[in-house]
Amino acid sequence: MTTWIRPRLRKPLVLALAGTLLAASWIVRGGATWWFCIAIEIPVLVQAVTMYVRAGQDSDEGALAGSRADERQQQIGLRSRALAGRAMTAVALAGLIAAIAVHGNWWWPFLVILAAGSVGYLFGLSAYSVGAEGAATEPDTGYPAPL
């Protein structure tokens, strides 16, 4: 899908697009806080250009920014995202418990975040589980299945 976008441009473009959408949401909102769009867009564009320049370097950071990470770096990224998911789930659960305990009417966003994380986890289990690839051994003999 992204084969027509050079690997060096992928992450800077995603960053710039996400930041621009966030800045545009402040413009659409209007009111006295419309100027937040400028305070958001300038740092986002500076960071996108910095990421593009860094992606051209031959270093670990350059490989990560340029979407050419090796297996070790990908494993570190995977573990970091897993830790972030665990933290998000724990904070959402704590917020839900606190909102219910104080009879707050702000409990539902925590429930939505908790449900999204749980559904994503279950989808990941079903998509990436070993059982989806088939049995590694024959159940009768204990020997590997013939090719």
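Residues numbered from 1 in each chain as written. Predicted model: local features only at pLDDT ≥ 70, side-chain atom pairs only at ≥ 80, totals over all residues. Heavy atoms only, no water.

### A short note on the packing of aromatic side chains
Counting across every chain of the model gives 3 aromatic pairs. Ring plane angle 75° and centroid distance 4.5 Å describe the contact between W35 and F36, whose orientation is recorded as edge-to-face. Overall, W35 belongs to the partly exposed group, its relative accessible area being 44%. Here the aromatic rings of W106 and F110 are separated by 6.1 Å at their centres, their planes lie at 70°, and the arrangement is edge-to-face. What makes F110 partly exposed here is its relative accessible area of 24%. Aromatic rings pair up to connect W26, W35 and F36 into one cluster. (Phe/Tyr/Trp six-rings, centres within 6.5 Å; stacked < 30°, edge-to-face > 60°. Buried < 20%, exposed > 50% of the residue type's maximum accessible area, 1.4 Å probe, protein only.)

### With respect to the confidence of the model for the chain
Residue-level pLDDT values for the chain average 86, and 86% of them are 70 or greater. Helix α2 (residues 36-55) holds the highest mean pLDDT among the elements of the chain, 94, whereas helix α3 (residues 60-65) holds the lowest, 80. (pLDDT = per-residue confidence, 0-100. Helix = DSSP H or I, 4+ residues; strand = E, 2+ residues; numbered from the N terminus.)

### Details of the packing of helix α4 (residues 71-101) against helix α5 (residues 108-128)
Where α4 contacts α5, the axes come no closer than 8 Å and their chain directions differ by 150°. In the crossing of α4 with α5, the sense of the turn from one axis to the other is left-handed. Residues M88, T89, V91, A92, L93, G95 and L96 of α4 touch α5, and the partners they reach there are F110, L111, I113, L114 and G117. Residues that form the contact of α4 with α5 fall into these classes: 9 nonpolar, 3 polar and no charged. (Axes fitted to C-alpha atoms, helices over the stretch in contact; angles between N-to-C directions. Left-handed = near helix turned anticlockwise from the far one by under 90°. Contact = heavy atoms within 4.5 Å. Nonpolar A, V, L, I, M, F, W, Y, C, P; charged D, E, K, R; others polar.)

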